[in-house]
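# Understanding the architecture of this molecule
Letter by letter, the chains look like this.
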Amino acid sequence: MSPHDLNVKLAADMPQLKILDPELLDYIQRRRVEDVAFAAGARIMTEGDRNPPLYTVASGWAMRFKILQDGRRQILSFILPGDVIGFQAQFFDSAVTSIEAVTEVSLCGDGLSVRRRPERQAASAAGGT
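Computed from a predicted model, the values in this text were never measured in an experiment.

### What to know about the packing of aromatic side chains
Enumeration according to the criterion identifies 1 aromatic pair in this entry. Cation over ring: Arg 73 sits above Phe 65, and NZ or CZ is 5.1 Å from the ring centre.

Rendered as structure tokens:
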């Protein structure tokens, strides 16, 4: 389903939602250059991953979770179409949570990674981490 089709469906099903204007949707669609699919149960991101890519969920559901010290999994949130993943990790040295597909998930990206913070770029250039 294209972003425009999704917008039309949401406008019909839930008129109380603020819908993106068509120009913004066209811009998003033109920037979309990379699609990645994950089967249900597949790990999309693992806690500790360094510099994970930034994606928008195009379809499907995923969950964000942490593994507790006793090995149990604590679900922190569910990720739905339109949500961005990988953004939180840009504020830390690595991903602070794991993400797993609950259903088949399709992610889209613009082919660019979020740039690291300037102080991390300087540390990398100086031979640090």
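### Let's talk about the sheet that holds strand β7 (residues 98-101)
Read from one edge of the open sheet, 4 strands run β2-β7-β4-β5, paired in antiparallel fashion. Since the sheet does not close on itself, it has two edges, and those belong to β2 (43-45) and β5 (73-79), each with one partner. Adjacent strand axes in the sheet meet at a mean angle of 35° when their direction is disregarded. Direction of pairing for strand β4 (residues 62-67) relative to β7: antiparallel, over a ladder of 4 bridges. Each bridged residue has a counterpart across the sheet, and for Phe 65 the counterpart in β7 is Ser 98.

### Comments concerning the side chain of Arg 64
Note that Arg 64 resides in strand β4. The charged side chain of Arg 64 is buried without a salt bridge, its nearest counter-charge being Asp 83 at 6.5 Å. Setting aside residues no more than four positions away along its own chain, Arg 64 makes contact with Gln 74, Ile 75, Leu 76, Ser 77, Ile 79, Val 84, Ile 85, Gln 88, Thr 97, Ser 98 and Ile 99.

### Thoughts on the sheet that holds strand β8 (residues 105-109)
Strand order in the open sheet formed by 4 strands is β1-β8-β3-β6, with antiparallel pairing between adjacent strands. Among the strands making up the open sheet, the edge pair consists of β1 (34-38) and β6 (84-85). Bridge count for strand β3 (residues 55-59) against β8 is 3 bridges, and the pairing is antiparallel. Bridging across to β8, Val 57 finds its partner in Leu 107.

### Here's the deal with the pairing of β3
Pairing geometry for β3 and β6, over 2 bridges, is antiparallel. What sits directly across from Thr 56, in β6, is Val 84.

How each quantity is defined
Residues numbered from 1 in each chain as written. Predicted model: local features only at pLDDT ≥ 70, side-chain atom pairs only at ≥ 80, totals over all residues. Heavy atoms only, no water. Phe/Tyr/Trp six-rings, centres within 6.5 Å; stacked < 30°, edge-to-face > 60°. Lys NZ or Arg CZ within 6 Å of the ring centre and 35° of its normal. Pairing = 2+ DSSP bridges. Helix = DSSP H or I, 4+ residues; strand = E, 2+ residues; numbered from the N terminus. Axes fitted to C-alpha atoms, helices over the stretch in contact; angles between N-to-C directions. Buried < 20%, exposed > 50% of the residue type's maximum accessible area, 1.4 Å probe, protein only. Lys, Arg positive; Asp, Glu negative; His and termini not counted. Salt bridge = Lys/Arg side-chain N within 4 Å of Asp/Glu carboxyl O. Contact = heavy atoms within 4.5 Å.

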